[in-house]
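Each chain, written out:
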Amino acid sequence: MIKEIMTTCPPFNPLDCKPGTVTADASGCCKICKPKSDCKVNSKQTIIKVNNCISAKPVIVTSCVGHCRSSSMYSAAANMMMHQCECCRETKTSMKQVQLTCADGSKVQHSYIHVENCRCTQEGCAASTTTKPQRRRGR
């Protein structure tokens, strides 16, 4: 008796892999690897402006930037699209303060979030499925 098994592989781009980590999955049909995690903290000097108040000198403001894995793949077994989503987000933050000088000459303290660490994390779309287009109702 001959049995045919159809395997659908997720999208694969070797440029998204850590060097030397490309292997086959458990079925031996699909290529997999350890993804590069180029999700990292980005620093930028900027003047902070809030209402009519401004910092006297540039402040280092941080954010998370980088590439994380995501895919949308058709599942024949479920007859729907299966989604896997990750995004580059902050995992550790702290509050910083800067003194702002306002147009009227007064000074105010302003608190802002400083990103200390980032990594790729799964989002809510990982468990979602799409079976038909959704329509938005206008207001």
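This is a predicted model, so every value here is computed, not measured. (Residues numbered from 1 in each chain as written. Predicted model: local features only at pLDDT ≥ 70, side-chain atom pairs only at ≥ 80, totals over all residues. Heavy atoms only, no water.)

*Asks:* How would you explain the overall build of the protein chain if you had to name every residue and give the values?
*Replies:* Counting secondary structure elements, the protein chain contains zero helices and ten strands. Helices and strands in the protein chain line up, N terminus first, as β-β-β-β-β-β-β-β-β-β. Per-residue burial for the protein chain yields a buried fraction of 18% across its 139 residues. Look at the contacts in the protein chain between residues 6 or more apart in sequence, and 48% of them connect residues 24 or more apart. When the accessible surface of the protein chain is split by element, carbon and sulfur atoms take 51% of a total near 11000 Å². (Helix = DSSP H or I, 4+ residues; strand = E, 2+ residues; numbered from the N terminus. Buried < 20%, exposed > 50% of the residue type's maximum accessible area, 1.4 Å probe, protein only. Contact = heavy atoms within 4.5 Å. Areas by Shrake-Rupley, 256 points an atom, 1.4 Å probe, with all protein chains shown as cover.)

*Asks:* Lay out the confidence of the model for the protein chain in plain terms, naming residues and giving numbers.
*Replies:* Mean pLDDT over the protein chain: 80, with 86% of residues reaching 70 or higher. When the elements of the protein chain are averaged for pLDDT, strand 10 (residues 129-130) gives the smallest value, 37, and strand 5 (residues 53-55) the largest, 95. Predicted confidence is poor over residues 124-139, with pLDDT under 50, and the contacts of this stretch with residues over four places away or in other chains come to 16 contacts. (pLDDT = per-residue confidence, 0-100.)

*Asks:* If you had to explain the pattern of salt bridges to someone new, which residues and values would you point to?
*Replies:* For the coordinates displayed, the defined rule picks out one salt bridge. Among the salt bridges present, the one from Glu116 reaches Lys92, with a minimum N-O distance of 3.8 Å. Remark: Lys92 occurs in strand 8 (residues 80-102) and Glu116 occurs in strand 9 (residues 107-122); sequence separation between them is 24 residues. The exposure class assigned to Lys92 is partly exposed, which follows from its relative accessible area of 48%. (Salt bridge = Lys/Arg side-chain N within 4 Å of Asp/Glu carboxyl O.)

*Asks:* Mind laying out the layout of surface pockets, listing which residues take part and the relevant values?
*Replies:* One number sums up the size of the largest pocket: a volume of about 400 Å³. If you trace the largest pocket, you find 16 residues lining it, with Pro10, Pro11, Phe12, Asn13 and Arg69 closest to the centre. Mapped by element, the contributors of at least two residues to the lining of the largest pocket are strand 2 (31-32) and strand 7 (70-75). In terms of residue class, the lining of the largest pocket is built from eight nonpolar, five polar and three charged. (1 Å grid on protein atoms, 1.4 Å probe; cavity = no way out; pocket = protein on both sides within 12 Å on 5 of 7 lines; lining within 4 Å. Points joined across faces, edges and corners; volume = space filled by probe spheres on them. Nonpolar A, V, L, I, M, F, W, Y, C, P; charged D, E, K, R; others polar.)

*Asks:* Got a sec to walk through the environment of Ser55? Specific residues and values, please.
*Replies:* Topologically, Ser55 is positioned in strand 5. In this structure Ser55 comes out as buried when scored by relative accessible area, which is 4%. In sequence terms Ser55 and Lys107 are 52 residues apart; their C-alpha atoms lie 9.6 Å from each other. Here Lys57 takes part through its backbone oxygen, which lies 3.1 Å from a polar atom of the side chain of Ser55. (Polar contact = N/O pair within 3.5 Å; in protein donor to acceptor, adjacent residues only side chain to side chain.)

*Asks:* Could you give an account of the state of the cysteines, naming the residues involved and the relevant values?
*Replies:* Under the defined criterion, the tally for this structure stands at six disulfides. The disulfide partner of Cys9 is Cys30, and the S-S distance across this bridge is 1.9 Å. With the S-S bond torsion at -85 degrees, the cross-link from Cys9 to Cys30 turns out left-handed. In this pair, Cys9 is assigned in the segment before strand 1 (23-24) and Cys30 in the loop between strand 1 and strand 2, connecting sequence segments 21 residues apart. A relative accessible area of 34% places Cys9 in the partly exposed class. Residue pairing for Cys64: its cysteine sulfur links by disulfide to Cys118, the two sulfurs lying 2.0 Å apart. Every disulfide takes its handedness from the sign of the S-S torsion; for Cys64 and Cys118 that torsion is -85 degrees, giving left-handed. Here Cys118 lies in strand 9 and Cys64 lies in strand 6 (residues 59-65), a separation of 54 residues in the sequence. (Disulfide = S-S within 2.5 Å.)

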